[in-house]
Amino acid sequence: MLPVADALKLLDAHWQPKPTRELIATSEALSRISAADVLSPEAVPAFRKSAVDGYAVRAADTFGAGQALPAFLEVVGEIRMGELPPRDIGSGQALAIHTGGMLPAGADAALMIETTQLIGDGEIEAMRAVAPGENVIQAGEDVAAGATILPRHHRLRAGDIGGLLAVGVEQIEVLRAPRVGILSCGDELVPPAVSPAPGKVRDINAYTLSALAQREGAQPLRLGIARDTLADYRARAGAGFAQSDILLLSAGSSVSARDYTRDVINGLGAPGLLQHGLATKPGKPTIIAVCDNKPVIGLSGNPVSAPLVARQILPRLIARFLGQSLEPPPMIRARLVLRVASETGREDWLAVRLRAGADAYPLAEPLFGKSNLIYTLVGADALLRVPLNSGGLDAGSLVDVLPL
């Protein structure tokens, strides 16, 4: 058995992702990954503008001005928003201006209206001096023409979308989202829309794994249900492998007479199977493989085990495909209600329910149940990690849990 982190390092050594690019509308690019540095085609702002409501002035005309000895300025017009200044200004003159308005030639500062007083028709008192450039946003101060506004492999946020459109970047080249193929296998499985006959169960792994892939920024491809024959399993896996960047097989991965997963994986390409068995519960029989430079993961068909193991593996694979560093999941501290035992040599994950405690920490109550009871996971608020070789956790101890 290998710890999950060690198994993923083994996979990394045999996989070099080769994502492709696509050009999409900037307005549709939220959470996508930029494929290259994005340079600004123009300066922002494109002109000098006022940062305040007040008057565009020559700073030298206000030097020495104060409450006791104001400077007198002649107001020779108004700069309307979205329009060019009606004229330049000379010595002792001012133009009324609004926040964001374009400064006229001759002006090098903006005087806040709160520091002025209107004393007659077309004349103001400036009761405070301003320095050259004060209350002025210079052309290109936000972004210079040709400057990098987004680096490559950057996940686009809402503000990034606005920033790109502000300089007229209406399309952006992004990395194509990885296609995660998901194939279920088992004669007992039927689609969720089918009412199962006795002995049959609905296939839910394809949908929980699809949701996880989509949440992480991938494009899920549900490949259907393979029958429990080597020929059908091999044919469907091969067809799905050709369409996918990452392939998940949700089927028997334990050693049994009817388990074909190892043979199917090794038939997809070299080097094939790298590791069979992880030091984690649930998920011990998981298979890690790389075939023709594509990761292939063999998951248990168990509807609780498959998504719990995929949570530990799939986000890492998707992030690496997209050139992202995967941040550790946000854990919270909680106080364990009951003692939890664990075998040496494995890491355990348990579903827990959270409730208010007597101190600052919520109480974490383990939800014990058989490994294939789906609603044990559905009813949980978080997952408790029992570290490798810890031997368990004592009641009352502070533990880290991953909120669901």
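Report follows, based on the coordinates.

Cut-offs and rules
Residues numbered from 1 in each chain as written. Predicted model: local features only at pLDDT ≥ 70, side-chain atom pairs only at ≥ 80, totals over all residues. Heavy atoms only, no water. Helix = DSSP H or I, 4+ residues; strand = E, 2+ residues; numbered from the N terminus. Rg over C-alpha atoms; globule rule 2.2 N^0.38 Å. Buried < 20%, exposed > 50% of the residue type's maximum accessible area, 1.4 Å probe, protein only. Contact = heavy atoms within 4.5 Å. Areas by Shrake-Rupley, 256 points an atom, 1.4 Å probe, with all protein chains shown as cover. Lys, Arg positive; Asp, Glu negative; His and termini not counted. Charge placed at Lys NZ, Arg CZ, Asp CG, Glu CD. Pairing = 2+ DSSP bridges. Axes fitted to C-alpha atoms, helices over the stretch in contact; angles between N-to-C directions. Salt bridge = Lys/Arg side-chain N within 4 Å of Asp/Glu carboxyl O. Arc of directions from axis to C-beta. Left-handed = near helix turned anticlockwise from the far one by under 90°. Nonpolar A, V, L, I, M, F, W, Y, C, P; charged D, E, K, R; others polar. Parallel < 35°, antiparallel > 145°, perpendicular 65-115°, else oblique.

So, about the overall build of the protein chain. Regarding its fold elements, the protein chain presents seven helices and 28 strands. Taken against the 2.2 N^0.38 rule, which gives 22 Å for 404 residues, the C-alpha radius of gyration of the protein chain at 32 Å runs more than 25% over that of a compact globule. Considering only C-alpha atoms, the protein chain reaches an extent of 100 × 55 × 40 Å along its principal axes. In the protein chain, buried positions account for 45% of the 404 residues. Partitioning the intrachain contacts of the protein chain with sequence separation of at least 6 by distance along the chain shows that 70% fall at a separation of at least 24. Taken as a whole, the protein chain presents about 19500 Å² of accessible surface, with 53% of it coming from carbon and sulfur. Here the protein chain contributes 38 positively and 42 negatively charged side chains, and the mean placements of these two sets differ by 14 Å.

Attention now moves to the sheet that holds strand 16 (residues 219-226). The strands making up a sheet associate through hydrogen bonds between their backbones, and the pairing can be parallel or antiparallel. Here six strands make up an open sheet; going across it, the order is 16-13-17-21-20-18 and the pairing mixed. With one partner strand each, in any of the chains shown, strand 16 and strand 18 (271-276) form the two edges of the open sheet. Taken pair by pair, the neighbouring strands of this sheet meet at an average axis angle of 20 degrees, ignoring direction. Pairing of strand 13 (residues 179-185) with strand 17 (residues 246-250) involves five bridges; the strand directions are parallel. If you follow Gly181 over to strand 17, its bridge partner there is Leu247. The strands that helix 4 (residues 230-243) touches are strand 13, strand 16, strand 17, strand 20 (287-291) and strand 21 (294-299); relative to strand 16, the one it contacts most, it runs at about 170 degrees.

So, about the sheet that holds strand 8 (residues 116-120). An order of 7-4-6-5-9-8 is seen for the six strands of this open sheet, with the pairing classed as mixed. Two strands close off the open sheet at either side, each with one partner strand: strand 7 (109-112) and strand 8. Strand after strand, the sheet turns through a mean of 40 degrees between neighbouring axes, direction not considered. Across three bridges, strand 5 (residues 71-78) lies against strand 6 (residues 93-97) in parallel orientation. Residue pairing in the sheet places Glu78 in a bridge with Ala96 of strand 6.

Our focus in this paragraph is the pattern of salt bridges. Two side chains with opposite charge may pair up if their charged atoms get near one another. Inspection of every chain in the model, using the stated rule, returns 18 salt bridges. In this structure, the salt-bridge partner of Asp61 is Arg58, at a minimum N-O distance of 3.7 Å. On the basis of relative accessible area, Arg58 is assigned to the partly exposed category, the value being 29%. Residue Arg227 is joined to Asp187 by a salt bridge in which the shortest nitrogen-to-oxygen separation is 3.8 Å. Of this pair, Arg227 sits in the loop between strand 16 and helix 4 while Asp187 is found in the loop between strand 13 and strand 14 (189-190), placing the two residues 40 residues apart along the sequence. Connected through shared salt-bridge partners, Asp12, Arg316 and Arg320 make up one network.

Here the focus is helix 2 (residues 158-166). Turning to helix 2, its buried residues are Asp160, Ile161 and Leu164. Mapping the buried residues of helix 2 onto a view down its axis gives an arc of 105 degrees, with all of them on the same face. Away from the buried face of helix 2 by more than 90 degrees, exposed residues Ala158, Gly159 and Ala166 are located. On its buried face, helix 2 sits against strand 2 (38-39), strand 11 (148-150) and strand 12 (171-175). One or two steps after helix 2, the chain reaches Gly168, where phi turns positive at roughly 80 degrees.

As a further point, take the packing of helix 1 (residues 4-13) against helix 6 (residues 305-321). For the pair helix 1 and helix 6, the least separation of the axes is 11 Å and the interaxial angle reads 35 degrees. Once helix 1 is placed against helix 6, the crossing between them reads as right-handed. Along the contact surface, helix 1 presents Val4, Leu8, Leu11 and Asp12, while helix 6 presents Gln312, Ile313, Arg316, Leu317 and Arg320. Class assignment for the residues of the contact of helix 1 with helix 6 results in five nonpolar, one polar and three charged.

Their axes nearest at 10 Å, the elements helix 3 (residues 205-215) and helix 6 cross at an angle of 30 degrees. Classified by the angle between their axes, helix 3 and helix 6 sit roughly parallel to one another. Here the hand of the crossing between helix 3 and helix 6 comes out right-handed. Facing helix 3, whose interface residues are Asn205, Thr208, Leu209, Leu212, Ala213 and Arg215, helix 6 presents Ala306, Pro307, Ala310, Arg311, Leu314 and Ile318. Class assignment for the residues of the contact of helix 3 with helix 6 results in eight nonpolar, two polar and two charged.

Excluding glycine, residues mostly carry a negative phi; peptide bonds, for their part, are mostly trans. A cis amide bond links Val44 to the next residue, Pro45, at an omega of -10 degrees. Along the polypeptide, Pro45 turns up in the loop between strand 2 and strand 3 (49-50). Going from Lys281 to Pro282, the amide bond is cis rather than trans, its omega being 0 degrees. Assignment of secondary structure puts Pro282 in the loop between strand 19 (280-281) and strand 20. Non-glycine residue His153 carries a positive phi angle of around 60 degrees. Within the element layout of this structure, His153 appears in the loop between strand 11 and helix 2.

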